[in-house]
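Here is how the chains run, residue by residue.
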Amino acid sequence: MKKVLIVGAGGFIGGFIAEESLRRGYETWCGVRESTSRRYLTDERLQFITLDYDDTEKLSEQLKGHHWDYIVYNLGATKCVNFLDFNHINFNYLRNFTDTLIDNDIVPERFVYMSSLSALGPGDEKNYTPLKGNMIPQPNTRYGLSKIKAETYLQTLPSSFPWIILRPTGVYGPHEQDYLMMIKSIDSHFDFGVGFRKQMLTFIYVEDLARAIFDALEKAPVHHKYIVSEDRAYTQSEFRKIVSKELKRKLVIPVRLPLWALNIACRISEKYGAAKMQATTLNTDKYNIMAQRNWSCDVSDAKRDFGFNPQVSLQEGIHRTVEAYRSEQQKK
């Protein structure tokens, strides 16, 4: 039985990664911090290790005596009060962790790093050519910049370090909060979109992402980067129709906000969050993400190298997500 360590197992995606690891019969370890919620990590077969990514000496002591065949590095911050924290959490923590693995001679057989499509930055917004894994990254957010910095660091490690980089598009499913806000809005009969030019959106259901992680661990060649997405894009109108049909909302009013209005709202929200010392969903990073017109993806590399084949369409994924949403409503 191979041993798997999931670093950053406590979040929305981490719980599904742990479930998939157990389903495949791996001895599954969850790397967590003292403050990490274990809400989605309740299976009795899971084993835990507490890790301190700030203190490399302490981290070395915590990892001493352990060795895992596979490591999934899912730790990261998607929104921060102080944007310097993106660099600290998304880059410094990865550097500290990988250096400690090397220093203690406990490098695994395979190491999957969970990056993001935001690491690539905007693509072709004229002809809507899909984003490709071999394009030159030009991130336009501080989040994306921290991710590409972490990717670059992995590439500077000795060639014996067996990294594989996954760049998922928007991940959705039960327990996820950002897309849930959109679903709740449509449930209230309003669909808020931004900008007046066509926008192509892509999605990956969380269980398909978890499957892709382990397929990559088992089959993908090392030192490669892969985009992970459902193999088609959707307009805002198509997304609205799928969600409204699942919610049984016949009347949904589309509201289009100009980008300048969104920009102002994001800046105000960011300043309010800074004053309250709280990370907010709307901020200048989020503005650049929402303003991007083309999220279409080319996933042919992942299909070729490790048989990537998403099993859950957006229609089915929204059905499962809405079911979970309704179930939570009934509990309240």
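Values in this document were obtained by computation on a predicted structure and should not be read as measured data. (Residues numbered from 1 in each chain as written. Predicted model: local features only at pLDDT ≥ 70, side-chain atom pairs only at ≥ 80, totals over all residues. Heavy atoms only, no water.)

Draft legend 1. Structural view of the overall build of the protein. The helix and strand inventory of the protein stands at eleven helices and 13 strands. A compact globule built from 332 residues should have a C-alpha radius of gyration of about 20 Å, and the protein, at 20 Å, falls within 12% of that. Along the longest, intermediate and shortest principal axes, the C-alpha atoms of the protein span 60 × 45 × 35 Å. Among the 332 residues that make up the protein, the fraction classed as buried is 51%. Partitioning the contacts of the protein with sequence separation of at least 6, the portion at a separation of at least 24 is 78%. Just so you have it, the protein exposes about 15700 Å², and 51% of that area is on carbon and sulfur atoms. In the protein, 44 side chains carry a positive charge and 40 a negative one; their mean positions are 8 Å apart. (Helix = DSSP H or I, 4+ residues; strand = E, 2+ residues; numbered from the N terminus. Rg over C-alpha atoms; globule rule 2.2 N^0.38 Å. Buried < 20%, exposed > 50% of the residue type's maximum accessible area, 1.4 Å probe, protein only. Contact = heavy atoms within 4.5 Å. Areas by Shrake-Rupley, 256 points an atom, 1.4 Å probe, with all protein chains shown as cover. Lys, Arg positive; Asp, Glu negative; His and termini not counted. Charge placed at Lys NZ, Arg CZ, Asp CG, Glu CD.)

Draft legend 2. Expanded view of unusual backbone geometry. One non-glycine residue, Lys248, lies in positive phi territory at about 60°. Relative to the assigned elements, Lys248 resides in the loop between α7 (236-247) and β13 (253-257). For Met277, which is not glycine, the phi torsion reads 60° and is therefore positive. In this structure, Met277 sits in the loop between α8 (259-276) and α9 (284-291). You can call Met277 exposed: its relative accessible area is 63%.

Draft legend 3. Quick peek at the packing of α8 against α9. It is the contact of α8 with α9, at a shortest axis distance of 8 Å, that shows an interaxial angle of 155°. Relative to α9, the element α8 is oriented roughly antiparallel. Crossing hand, α8 versus α9: right-handed. Between α8 and α9, the contacting residues are Leu259, Leu262, Asn263, Cys266, Arg267 and Glu270 on the first element and Thr284, Tyr287, Met290 and Ala291 on the second. Looking at the contact of α8 with α9 residue by residue, the class counts come to six nonpolar, two polar and two charged. (Axes fitted to C-alpha atoms, helices over the stretch in contact; angles between N-to-C directions. Parallel < 35°, antiparallel > 145°, perpendicular 65-115°, else oblique. Left-handed = near helix turned anticlockwise from the far one by under 90°. Nonpolar A, V, L, I, M, F, W, Y, C, P; charged D, E, K, R; others polar.)

Draft legend 4. Local environment of the packing of helix α1 (residues 12-23) against helix α6 (residues 206-219). One can describe the packing of α1 onto α6 by two numbers: an axis separation of 9 Å at closest approach and a directional angle of 55°. Relative to α6, the element α1 is oriented oblique. Helix-helix and strand crossings are classified by hand; for α1 and α6 the assignment is right-handed. Contact with α1, carried on its side by Phe12, Ile13, Phe16, Ile17, Glu20 and Ser21, involves Val206, Glu207, Leu209, Ala210, Arg211, Ile213 and Phe214 of α6 and no other residues of that element. Classifying every residue of the contact of α1 with α6 by side-chain character gives nine nonpolar, one polar and three charged.

Draft legend 5. Geometry of the pattern of salt bridges. For the structure shown, the criterion picks out 21 salt bridges. Here Asp301 makes a salt bridge to Arg304, at a shortest N to O gap of 3.4 Å. Taken as a pair, Asp301 and Arg304 lie in helix α10 (residues 300-306) at a separation of three residues, close to a single helical turn. A relative accessible area of 28% means that Asp301 is categorised as partly exposed. A salt bridge links Arg304 to Asp305, with the nearest nitrogen and oxygen atoms 2.8 Å apart. Here the residues in one salt-bridge network are Glu20, Arg23, Arg24, Asp215 and Glu218, joined through shared partners. (Salt bridge = Lys/Arg side-chain N within 4 Å of Asp/Glu carboxyl O.)

Draft legend 6. Representation of a nonpolar patch on the surface in the model. There is a patch of nonpolar side chains on the surface, built from Phe190, Phe192, Leu251, Ile253 and Leu257 and spanning about 450 Å² of accessible area. Within the secondary structure layout, Phe190 lies in strand β8 (residues 190-194). The class for Phe190 is partly exposed, based on a relative accessible area of 36%. (Patch = residues over 30% accessible without salt bridge, like charges linked within 9 Å, V, L, I, M, F, W, Y side chains within 5 Å.)

Draft legend 7. Spotlight on helix α5 (residues 178-187). Listed as buried for α5 are Tyr179, Leu180, Ile183, Ser185, Ile186 and Asp187. On the buried face of α5, the contacting elements are β7 (170-172), β8, β10 (203-205), α7 and α11 (314-331). Trailing α5 by a residue or two, His189 shows a phi angle of about 80°, which is positive.

Draft legend 8. Looking closely at the sheet that holds strand β1 (residues 3-7). The seven strands are arranged β3-β2-β1-β4-β5-β6-β11 in an open sheet whose pairing can be described as parallel. Two strands in the sheet have a free side with no partner beyond their single neighbour: β3 (47-50) and β11 (225-228). Going from strand to strand, the sheet's axes swing by 20° on average, the running direction of each strand aside. Together, β1, β4 (70-73) and β5 (110-114) form the strand contacts of helix α3 (residues 84-103), whose direction differs from that of β5 by roughly 175°. (Pairing = 2+ DSSP bridges.)

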